[in-house]
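One letter stands for each residue in the lines below.
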Amino acid sequence: MDFAAFRALAPLCWRAPSAHNTQPWRLRYEPAAIRVGWDAAHTLPAADPTGRDLRLSLGAFVETCLIVAADADLHLKYVAEHDDRWVGWLRPTAHRYSTPFRAIDVWERRTDRGHFAAGPGPDVLAAVDRVARRAGGSVRVVPHAGRLGALLRTADRHLYADPAITAELRRWLRLDPAHPNYHVDGLTDRCLALSRPAAVGLRAALDAYPVLRPLGLPRLLAAADNPLARGGTVLALVAPDSLDPAGQIEFGRVLMRCWLTLHTAGLAAHPLSQLIDVAATRTALAALLDVAPDRLLHVVRVGLPTRPAPRSARRVAGGGPPATS
Ligand SMILES: Cc1cc2nc3c(=O)[nH]c(=O)nc-3n(C[C@H](O)[C@H](O)[C@H](O)COP(=O)(O)O)c2cc1C
């Protein structure tokens, strides 16, 4: 198989989503296969101590590679093989990977933290649920009314109160276009839908964090944003019981297929991972859905965008939209 042809598709593969846009994955080209792993420098030990989001991001990357390769008629399959810093292989195979998605979907999809005009209709909800059910999970609508807004504020306050998590977030924030990595990785002011004054204010607040934290900064920051007011429906990806790390990678692939299902239906996704990062809000959310807390894998606000979201940065950039045939 022509690995050089696959290598040329790297900018498309790199369009996969990752928590804080750290792009933790790495590829090692070996004579007979391509090894997939991650780089510890691009993980989130404070915000993601269990590695859940790391594994979801790696799974999303694997699925993206398979879709991009299939669209270029390169026949690759994924073979899981866990090891210290590696999760598996992309190996040549006889058949084209079977997927309804195209490289153009990978290229066009983006996280959208803006306003949504409407939530997903019943057909789309059924379609994403089907995607998850094929892997033994499900996608559930989180009841919006009542407690969810308060849970979000509690989760944000909890995370902002943790100096290590806040320092890590700060490391991946790109609030000023002059930041040397503004076009490389992390979360830009534009992607976070922050106005210039809001970006400057957040940067100043985080610079003064050690002084302002005891004076109530976490509460202020948590109250500053209410994504639920921007519309949409909140969905939860529910895993089967006792999902092991390899299973979480498989569910990263499921997550990618769910997001692309939404994207091809004209909808966008805005993850709200804080709800399951904090034990108390994860437990409360699980009670709302009547599932065991450790089965909650991902929470996301979904809806019909009112305008295109900005494109996020990538470490491996270049090219443009894929040629479609
Ligand atoms: C596992 C996972 C968790 C994420 N959690 C959040 C989140 O809590 N809040 C958020 O705004 N974005 C979240 N994101 C979205 C990423 O920040 C986004 O994928 C990344 O910045 C790249 O942007 P893109 O999706 O537009 O390509 C998450 C993404 C993944 C894959």
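The chain appears in an unreviewed UniProt entry as Nitroreductase from Micromonospora gifhornensis.

What follows deals with the site of the ligand. Around the ligand, the surrounding shell holds 22 residues, and the nearest of these are Arg109, Thr111, Arg113, Ser273 and Arg314. Contact distances for the ligand include 2.6 Å between an oxygen atom and a side-chain N or O atom of Thr111. At 3.0 Å from a nitrogen atom of the ligand is found a main-chain nitrogen or oxygen belonging to Pro271. Calculation on the ligand without its partners gives an accessible area of 620 Å², and the protein chains cover 91% of this total. Those elements that provide at least two residues to the shell around the ligand are helix 3 (52–71) and strand 9 (268–271). Sort the elements by how many residues they give to the shell around the ligand and helix 3 lands first, with three residues. When the residues that make up the shell around the ligand are grouped by side-chain class, the tally is seven nonpolar, 10 polar and five charged. A domain-level breakdown of the shell around the ligand finds at least three residues from each of domain 1 (3–108) and domain 2 (122–147 + 228–303).

This next bit is on helix 3. Its 20 residues place the ends of helix 3 29 Å apart at the C-alpha level, agreeing with the 28 Å of an ideal helix rising 1.5 Å per residue. Taking burial as the measure, the 20 residues of helix 3 include 20 buried ones, the bulk of the element.

Strand order in the open sheet formed by four strands is 5-8-10-9, with antiparallel pairing between adjacent strands. Strands at the two margins of the open sheet, each flanked by one partner only, are strand 5 (138–141) and strand 9. Neighbour-to-neighbour, the strand axes of this sheet turn through a mean angle of 35°, independent of strand direction. Two elements, strand 9 and strand 10 (residues 296–303), share four bridges in a ladder whose sense is antiparallel.

Next up on the list: the domain arrangement of the chain. Split into domains, the chain comes out as domain 1 (3–108), domain 2 (122–147 + 228–303) and domain 3 (149–225). The centre of domain 2, based on its C-alpha atoms, is set 24 Å off from the matching centre of domain 3. Contacts between the two partners involve 13 residues from domain 2 and, on the opposite side, 10 residues from domain 3. Between domain 2 and domain 3 the total buried area reaches about 990 Å² when both faces are included, carbon and sulfur atoms providing 72% of it. Considering only the side of domain 2, the residues that lose the most area to domain 3 are Arg147, Gln274 and Val278, jointly responsible for 46% of the buried surface there. Put simply, domain 2 and domain 3 have one salt bridge between them. Measuring nitrogen to oxygen at the nearest pair gives 2.7 Å for the salt bridge that ties Asp225 to Arg230.

As enumerated under the stated definition, the model contains 16 salt bridges in all. A salt bridge links Arg174 to Asp185, with the nearest nitrogen and oxygen atoms 2.7 Å apart. One end of the pair, Arg174, is in strand 6 (residues 173–174); the other, Asp185, is in the loop between strand 6 and strand 7 (187–188), with 11 residues separating them in the sequence. By sharing partners, the salt bridges in this structure join Glu63, Glu250, Arg253 and Arg257 into a single network.

Further remarks concern the environment of Arg170. If you trace the backbone, Arg170 turns up in helix 7 (residues 163–172). C-alpha of Arg170 to C-alpha of Arg203: the two residues are 33 residues apart in sequence and 8.4 Å apart in space. Once residues within four sequence positions are removed from consideration, Arg170 is found in contact with Leu206 and Asp207.

Before going further, it helps to spend a moment on helix 13 (residues 279–289). For helix 13, the set of buried residues is Thr281, Arg282, Ala284, Leu285, Ala286 and Leu289. Against the buried residues of helix 13 lie helix 3, strand 5, helix 6 (148–160), strand 8 (233–238), helix 12 (274–277) and strand 10. Phi turns positive, to about 60°, at Asp290, one or two residues after helix 13.

Moving on, we get to the sheet that holds strand 3 (residues 76–80). Taken in spatial order, the four strands make up an open sheet running 1-2-4-3, and their pairing is antiparallel. Each edge of the open sheet carries a strand with a single partner, namely strand 1 (25–29) and strand 3. Pairwise comparison of adjacent strand axes, ignoring direction, gives a mean angle of 25° for this sheet. Relative to strand 4 (residues 86–92), strand 2 (residues 34–38) is paired through four bridges, and the arrangement is antiparallel.

About the thresholds
- Residues numbered from 1 in each chain as written.
- Predicted model: local features only at pLDDT ≥ 70, side-chain atom pairs only at ≥ 80, totals over all residues.
- Heavy atoms only, no water.
- Near = heavy atom within 4 Å.
- Polar contact = N/O pair within 3.5 Å; in protein donor to acceptor, adjacent residues only side chain to side chain.
- Areas by Shrake-Rupley, 256 points an atom, 1.4 Å probe, with all protein chains shown as cover.
- Helix = DSSP H or I, 4+ residues; strand = E, 2+ residues; numbered from the N terminus.
- Nonpolar A, V, L, I, M, F, W, Y, C, P; charged D, E, K, R; others polar.
- Domains from an automatic or database assignment.
- Expected span 1.5 Å × (residues − 1).
- Buried < 20%, exposed > 50% of the residue type's maximum accessible area, 1.4 Å probe, protein only.
- Pairing = 2+ DSSP bridges.
- Axes fitted to C-alpha atoms, helices over the stretch in contact; angles between N-to-C directions.
- Contact = heavy atoms within 4.5 Å.
- Buried area = accessible area lost by both parts, 1.4 Å probe.
- Salt bridge = Lys/Arg side-chain N within 4 Å of Asp/Glu carboxyl O.

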